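Geometric and topological summary
Now for the letters of each chain:
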Amino acid sequence: MTPDPATSHEPAPALVADGVSIAYDGVDVVHDARLELRPGCVTALIGPNGSGKSTLLRTLARLQKPRSGRLSLAREIEWSEDALPGAAKSIFGPLDGAAASANDANAGDASANAGDASASAGATSDAFALSPRDFARRVAMLTQGRPTPSGLSVRDVVEFGRYPHRGRWGRGDADGSAAVDRALDLTGVAALADRGVDQLSGGQLQRVWLASCLAQDTGVLLLDEPTTYLDLRYQVELLDLVRELADDGGIAVGVVLHDLDQAAALADRIVVLSEGRVVAEGDPASVLTPRLLSDVWGIRIDVDTDPTTGHLRTRAIGRHHTRTERLHP
Ligand SMILES: Nc1ncnc2c1ncn2[C@@H]1O[C@H](COP(=O)(O)OP(=O)(O)OP(=O)(O)O)[C@@H](O)[C@H]1O
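This section reports on the structure supplied with the text.

Criteria and thresholds
Within any chain, residue numbers begin from 1 and follow the written order of that chain's sequence. Only residues with pLDDT of 70 or above have their local features reported here, since the model is predicted, and side-chain atom pairs are shown and tallied only from 80 upward, although totals for entire chains, interfaces and linings are computed over all residues. To get the side-chain values, take all heavy atoms of the structure and skip hydrogens and water. Whether a residue is near a molecule or strand depends on its heavy atoms: if one lies within 4 Å, it is near. Each polar contact in these results corresponds to two N or O atoms within 3.5 Å; when the atoms are within protein, one needs to be able to donate a hydrogen and the other to accept it, and residues that are neighboring in sequence are counted only if both atoms are side-chain atoms. Only DSSP runs of H or I reaching four residues or more are called helices, and only runs of E reaching two or more are called strands; each is numbered from the N terminus. Charged means Asp, Glu, Lys or Arg here, nonpolar means Ala, Val, Leu, Ile, Met, Phe, Trp, Tyr, Cys or Pro, and polar covers whatever is left, Gly included. We define a nonpolar core as any set of buried Ala, Val, Leu, Ile, Met, Phe, Trp, Tyr and Cys residues linked to one another through side-chain atoms lying within 4.5 Å. Three exposure classes are used, based on accessible area relative to the maximum for each residue type with a 1.4 Å probe and protein chains only: buried under 20%, partly exposed in between, and exposed over 50%. Contacts are assigned to residue pairs that have any heavy atoms within 4.5 Å of one another. What counts as an axis is a line fitted to C-alpha atoms, over the stretch in contact for a helix, and the angles between N-to-C directions run from 0 to 180 degrees. Oblique is the label for any angle not under 35 degrees, not over 145, and not in the 65 to 115 range, which are roughly parallel, roughly antiparallel and roughly perpendicular in turn. The pairing criterion is simple: DSSP has to find at least two bridges between the two strands.

Here the focus is the site of the ligand. Around the ligand, the neighbouring residues are Tyr24, Val29, Pro48, Asn49, Gly50, Ser51, Gly52, Lys53, Ser54, Thr55, Glu225 and His258. One nitrogen or oxygen atom from the side chain of Tyr24 is found 3.4 Å from a nitrogen atom belonging to the ligand. At 3.0 Å from an oxygen atom of the ligand is found a main-chain nitrogen or oxygen belonging to Gly52. Considering every element that reaches the shell around the ligand, the biggest residue donor is helix α1 (residues 53–60), with three residues. Within the shell around the ligand, the residues separate by chemical class into three nonpolar, seven polar and two charged.

This is the structure in structure tokens:
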């Protein structure tokens with residue numbers, strides 16, 4: 001539901017997908033989806049395997065063009081990492097229509113030939129009409145299963161995130177080295193900065209790719225199952241960091257999570273996808289009900305409140321839970 005701008009105190013959305021349908025080989029896998037990401041707000045996408053979460057997130061990152069619908073990006077969003085160590089205030093600058101982007105180099109960019117939106121006026125721009133570099137200065141995405149580049153150090157990979165901020169010949173990025181140092185620190189990989197990335201564990205590499213996204217210094221951050229490969233401590237620390245980026249930096253975060261309890265604890269808004277459709281959207285208490293979760297996942301899912309944290313807690317009940325004869329023959 002879209003809040004009435006005249007009465008709402010919520011900030012305007014940073015990124016909106018509206019009426020988006022996405023197809024592979026001519027077959028729609030996401031149908032007429034609407035999703036808003038607001039500054040300072042963490043929005044979690046949840047749903048069963050194959051429900052379209054990654055596909056929708058990749059479209060928000062412009063890595064996949066929708067068959068129909070619109071992706072709008074706010075022309076100006078004020079956000080700041082002032083509360084984070086060593087950070088400087090960042091404001092989305094004017095659209096400049098330059099050429100290259102970190103997203104391009106990572107996974108291709110569906111809009112590379114889409115032209116320049118700087119002529120269009122108003123509060124939002126058609127995200128697919130921005131230059132790749134303009135878009136990459138505003139939106140970063142941690143995709144799933146990124147490759148392990150060989151012959152590069154951790155610092156090289158994190159510096160890669162600065163790509164959209166550099167001018168021709170890699171010059172003109174005065175904030176670059178501070179942003180890279182900050183990203184290395186925030187993700188706990190500063191001590192590995194000079195190591196080859198091909199010598200890292202899966203969890204360490206995941207944190208390096210996250211650091212690269214943070215170095216990109218964007219107001220919108222998209223994360224596809226970011227806790228994959230991470231041990232419990234780093235899962236919790238990553239979720240802490242995401243919350244701080246939203247609360248203290250005003251960053252708009254969209255995150256795909258499989259762990260419903262993580263979504264309950266982290267997110268302000270939860271969007272539930274089922275068979276390519278948004279079937280529920282709202283705050284965790286309104287969305288995480290036993291009936292809705294059980295319907296969507298097709299198994300019994302109980303919900304209660306964790307007495308320690310006060311957050312909702314889910315429990316999927318399978319046949320193995322009730323085979324008590326093993327415990328009490
Ligand atoms: N490259 C592709 N080509 C064809 N079909 C695809 C491709 N990628 C995904 N799909 C299909 O699109 C649908 C949505 O997939 P998607 O990966 O977005 O789901 P998901 O909710 O992220 O799943 P998971 O939880 O398993 O990661 C699935 O039916 C999947 O089989």
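There is more to say, and it comes next.
The subject of this paragraph is the nonpolar core. One finds Val154, Val158 and Ile270 to be the most contacted residues of the largest nonpolar core, which totals 51 residues. Among the elements that take part in this core, helix α6 (residues 202–215) stands out by supplying eight residues, more than any other. Those residues within four positions of Ile270 in sequence are excluded, and the remaining contacts are Ala44, Ile46, Ala263, Ala264, Ala280, Glu281, Gly282, Pro284, Val287 and Leu288. Core analysis: the second largest hydrophobic core is formed by 29 residues, Ala14, Leu35, Leu37 and Leu73 among them.

Time to look at the packing of α6 against helix α7 (residues 232–249). Packing of α6 against α7 brings their axes to within 13 Å, and their N-to-C directions diverge by 10 degrees. Taken together, the axis directions place α6 and α7 in an arrangement best described as roughly parallel. Mapping the contact onto sequence places Arg207, Leu210 and Leu214 in α6 and Tyr234, Leu238, Leu241 and Leu245 in α7.

Spatial strand order, β2-β1-β4-β7: four strands in an open sheet with antiparallel pairing. Every other strand in the sheet has two partners, leaving β2 (27–37) and β7 (124–126) as the edge strands with one partner each. Taken pair by pair, the neighbouring strands of this sheet meet at an average axis angle of 30 degrees, ignoring direction. In this structure, strand β1 (residues 15–24) lies alongside β2, joined through seven bridges in antiparallel fashion. Looking across to β2, one finds that Leu15 is bridged to Leu37. Packed on one face of the sheet, α1 meets β1, β2 and β4 (68–74) and runs near 125 degrees to β1.

With that settled, consider the sheet that holds strand β3 (residues 42–46). What the six strands build is an open sheet, ordered β8-β9-β10-β3-β11-β12; its pairing is mixed. Strands at the two margins of the open sheet, each flanked by one partner only, are β8 (139–142) and β12 (277–282). Strand-to-strand, the axes of this sheet are offset by a mean angle of 15 degrees, without reference to chain direction. Pairing of β8 with strand β9 (residues 220–224), which is carried by four bridges, proceeds in the parallel orientation. Residue pairing across strands places Met141 opposite Leu222, the latter belonging to β9. Of the strands in this sheet, β3, β9 and β10 (252–256) touch α7, which is tilted by about 135 degrees from β3.

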